[in-house]
Each structure stands twice: as C-alpha cells, then as structure tokens.
Amino acid sequence: MADILSQINPMLRILLIDVLTVAAHFAVKAIRRFSQRLLTMKVDGETASEANLTRRYPKIATIITILVSAVTFTIYFVAVGMVLREFKISLTTYFASATVIGLAVGFGLQGFVQDLVIGLTLIFSDALNIGEVVKLGDEIGRVDNIGLRFTTLINLHGQRILIPNRNIAVISQFRGGCIRAYVDIQLPEEVDEDEISQAIQAIAKGMYHQHRSIILAAPETFGIKEAKAGQWRYLRIKFKLWPGQMKIIEETFEERVVQVLKKSYTDYAAWMITITYKVE
C-alpha cells in the first residue's frame, strides 16, 4: 500500500488520503448505527428501546459498546497515521508518541479506569441485577442501570442516584426488595380485646395509606395470641417496609399504639411492644 501511494502524484495522493479519511468517518457512523440497531432489536416480539435493552441485557449492551469503541478507535487511529505520513512524520514516531500520551493519560485518569474495571466486574459477575433493591454505601435504591462508569439507583422518592463504580465497596442485597417488620403488642388483661384490636388495625391501615412509598403493602394482622407460658397475650402485625425505613415503626407506629392503649391502661409503656425484622 505504501509503495502504491508513493508512486502517485502528491496532489492526488493527498486527495486520496482525504477520501480515505472521509470513508473512515462514514465507516464509523455505519458501525455506530449498526450497534444501535443491535441494541434496539426485537425482544419477545416487541421492539425495545436502546435504554430498555441496556437495562434488561447489560452484558450484551456492554460487549457491543466495547467492540464499537475499539473498532472506532482503530479506524480513526489508522486514518490519522496515514495523514501524518504525508507530512513526513514517521509512523514509528506516531505510534511511540501515542503510547507515551496513552500512559500519561492513563495515570491522570486512574479513577476513570477504576470505574471501567469495576463496572465490567459488576456486569459480568452478576453482583448486581437490574430491578433489585440494594444498599451501596449509604444509598438504598432499586438498580436502574449498571454502566461502565456509574451505577444508577432509584430511591424511595423516585430520585435517580448516580454512584461512581469505584465508590462501590460493599453491596447489600434485598432479594425480595423489602424488610418485614413483625410488631408484637402486649395486651393487658384489663383492655377489651376486640376494641383494642380494631383500634390498632385502624392505626396500621392509616399509616399504610399515609406512607405508601415506605410501607409497601397493606399490613397483615395475625390476631391475638398467647405466650407459651400463658402469662400474657399479644397482637401481632406484619409490615412490609422499604429497606432502611424502620423508624416509622419504631417511633411513629409505636407511639400511636401506646397512646391508644394508655386510654384503657394508664401504666402501658413502650417496652411492652416488641419489634423484630426479617430481611427479604
């Protein structure tokens, strides 16, 4: 190829290189369009958007993105080298300079490289899955996207949180997307069981309708039970909570129940209510 170009008139040679450069540009555009078509192919009989397919199949999207980036870089790199060659710049010098610049940029972008490496690890190790609720550092949310630089969570307020992949050290997973809170309310002998039970259930239902983003399902009541020793009775209620939002039970619900029970039993105290949790 070099011998053929050297035998052509310099003006024609420059024109030919310009044509090859333009062709390389259009080749890159064609590759990108092809990659977009791959990312919007029909899934389950329906055409998926690129964003949806990226979320549903992050591994496929990542492989396509990496291949397209590699091919694009190679085409532009070779095209620039051919142009520089016409200005009597040695290709050996060009490659050496590119290597030095690449190393310098690499040292300056260590955080960026860490994001890429950890992002690839997250994608191909199945450490995170789209749609599951996780805790990453101090943030809790549903995984919306796993990218090469950022992992995106949607928290209980609907806020999108972009976390740099290099900041992900510990991953806490909530496979069922919630925490179960079991509240055992001890009932004194003096109170009317049916009346108190209905009042407490009304409190639980009211809180559910008031805090739908935190209490994820209608509370479930198990009825009044007796302790094994038969020394006291208790009413058990189960809540399904967004992870990290236990205070709404430990403080708000508990306080309202205590206030109701004190009307019938003035000595009732918060210690008579027991709360246990189960992560799902």
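As the structure is a prediction and not an experimental result, all values here were calculated from the model.

## Comments concerning the overall build of the protein
Part 1 of the reasoning: The secondary structure content of the protein amounts to eight helices and eleven strands.
Part 2 of the reasoning: Across the 280 residues that make up the protein, the buried fraction comes to 32%.
Part 3 of the reasoning: Counting only contacts in the protein whose residues sit at least 6 apart along the sequence, the fraction spanning at least 24 positions is 60%.
Part 4 of the reasoning: For the protein, the exposed area adds up to about 17,000 Å²; of that, 58% sits on carbon and sulfur atoms.

## Things to note about the pairing of strand 5 (residues 150–154)
Part 1 of the reasoning: Here strand 4 (residues 139–146) runs beside strand 5; their pairing, made up of four bridges, is antiparallel. Each residue of the ladder has a partner; that of Val-143, found in strand 5, is Leu-153.
Part 2 of the reasoning: In this structure, the hairpin formed by strand 4 and strand 5 is closed by a connection of three residues.
Part 3 of the reasoning: In this structure, strand 5 lies alongside strand 6 (residues 160–164), joined through five bridges in antiparallel fashion. Bridging across to strand 6, Phe-150 finds its partner in Pro-164.
Part 4 of the reasoning: Between strand 5 and the antiparallel strand that follows it, strand 6, lie five residues; Gly-158 among them carries a positive phi value of about 85°.

## So, the nonpolar core
Part 1 of the reasoning: In this structure, Ile-185, Phe-239 and Phe-253 are the most contacted members of the largest nonpolar core, which totals 33 residues.
Part 2 of the reasoning: Counting residues per element, the ones that place at least two in this core are strand 8 (179–187), helix 7 (193–210), strand 10 (233–241) and helix 8 (247–262).
Part 3 of the reasoning: In terms of residue count, helix 8 provides more of this core than any other element does, seven residues in total.
Part 4 of the reasoning: Apart from residues no more than four positions distant in its own chain, Phe-253 is found in contact with Val-183, Ile-185, Ile-200, Ile-203, Ala-204, Met-207, Ile-237, Phe-239 and Ile-248.

## Side note on the environment of Ala-218
Part 1 of the reasoning: Summarising the element assignment, Ala-218 is placed in the loop between helix 7 and strand 9 (220–226).
Part 2 of the reasoning: Judged by its relative accessible area of 51%, Ala-218 falls in the exposed class.
Part 3 of the reasoning: Between the C-alpha atom of Ala-218 and that of Tyr-208, which follows or precedes it by ten residues, the distance is 6.1 Å.

## Here we look at the side chain of Glu-132
Part 1 of the reasoning: As for its position among the elements, Glu-132 is in the loop between helix 6 (110–125) and strand 3 (133–136).
Part 2 of the reasoning: A distance of 3.3 Å separates a polar side-chain atom of Glu-132 from the backbone nitrogen of Asn-129.
Part 3 of the reasoning: One polar contact links Glu-132 to Arg-175, side chain to side chain, over a distance of 2.9 Å.
Part 4 of the reasoning: Beyond its immediate chain neighbours, meaning those up to four positions away, Glu-132 contacts Ala-127, Gly-141, Arg-142, Val-143, Gln-173 and Arg-175.

## Quick notes on the sheet that holds strand 9
Part 1 of the reasoning: In space, the four strands of this open sheet follow the order 9-10-8-11, with antiparallel pairing throughout. Each of the sheet's edge strands pairs with one partner strand only, and the pair in question is strand 9 and strand 11 (273–279). Averaged over all adjacent pairs, the angle separating strand axes in this sheet is 20°, with direction ignored.
Part 2 of the reasoning: As paired elements, strand 8 and strand 11 share seven bridges and run antiparallel to each other. Looking at strand 11, one finds that Val-183 is bridged to Ile-275.
Part 3 of the reasoning: Contacts from helix 7 reach strand 8, strand 9 and strand 10, with the element oriented near 15° to strand 10.

## Thoughts on the pairing of strand 3
Part 1 of the reasoning: Judged from the four bridges that link them, strand 3 and strand 4 form a sheet pairing that is antiparallel. Within strand 4, the position partnered with Lys-135 by the bridge is Ile-140.
Part 2 of the reasoning: Connecting strand 3 to the antiparallel partner strand 4 that follows it, the hairpin turn spans two residues, and Gly-137 within it adopts a positive phi of roughly 65°.
Part 3 of the reasoning: Note: strand 3 against strand 7 (residues 171–174), four bridges, orientation antiparallel. Residue pairing across strands places Val-133 opposite Phe-174, the latter belonging to strand 7.

## Side note on helix 7
Part 1 of the reasoning: For helix 7, spanning 18 residues, the distance from its first C-alpha to its last is 26 Å, which sits close to the expected 26 Å at 1.5 Å a residue.
Part 2 of the reasoning: Those residues of helix 7 hidden inside the fold are in contact with strand 8, strand 9, strand 10 and helix 8.
Part 3 of the reasoning: Looking at where helix 7 begins, the residue whose side-chain oxygen comes 3.3 Å from the main-chain nitrogen of Asp-194 is Asp-192.

## Remarks on a negative patch on the surface
Part 1 of the reasoning: Taken together, the side chains of Glu-189, Glu-190, Glu-226 and Asp-267 make up a negatively charged region of the molecular surface.
Part 2 of the reasoning: Along the chain, Glu-226 turns up in strand 9.
Part 3 of the reasoning: Overall, the relative accessible area of 57% leaves Glu-226 in the exposed class.

## Considering the environment of Ile-31
Part 1 of the reasoning: Take Ile-31: it is sitting in helix 2 (residues 10–39).
Part 2 of the reasoning: A C-alpha to C-alpha distance of 7.9 Å links Ile-31 and Thr-72, two positions 41 residues apart in sequence.

Cut-offs and rules
- Residues numbered from 1 in each chain as written.
- Predicted model: local features only at pLDDT ≥ 70, side-chain atom pairs only at ≥ 80, totals over all residues.
- Heavy atoms only, no water.
- Helix = DSSP H or I, 4+ residues; strand = E, 2+ residues; numbered from the N terminus.
- Buried < 20%, exposed > 50% of the residue type's maximum accessible area, 1.4 Å probe, protein only.
- Contact = heavy atoms within 4.5 Å.
- Areas by Shrake-Rupley, 256 points an atom, 1.4 Å probe, with all protein chains shown as cover.
- Pairing = 2+ DSSP bridges.
- Core = buried A, V, L, I, M, F, W, Y, C linked by side-chain atoms within 4.5 Å.
- Polar contact = N/O pair within 3.5 Å; in protein donor to acceptor, adjacent residues only side chain to side chain.
- Axes fitted to C-alpha atoms, helices over the stretch in contact; angles between N-to-C directions.
- Expected span 1.5 Å × (residues − 1).
- Patch = residues over 30% accessible without salt bridge, like charges linked within 9 Å, V, L, I, M, F, W, Y side chains within 5 Å.
- Salt bridge = Lys/Arg side-chain N within 4 Å of Asp/Glu carboxyl O.
- Lys, Arg positive; Asp, Glu negative; His and termini not counted.
- Charge placed at Lys NZ, Arg CZ, Asp CG, Glu CD.

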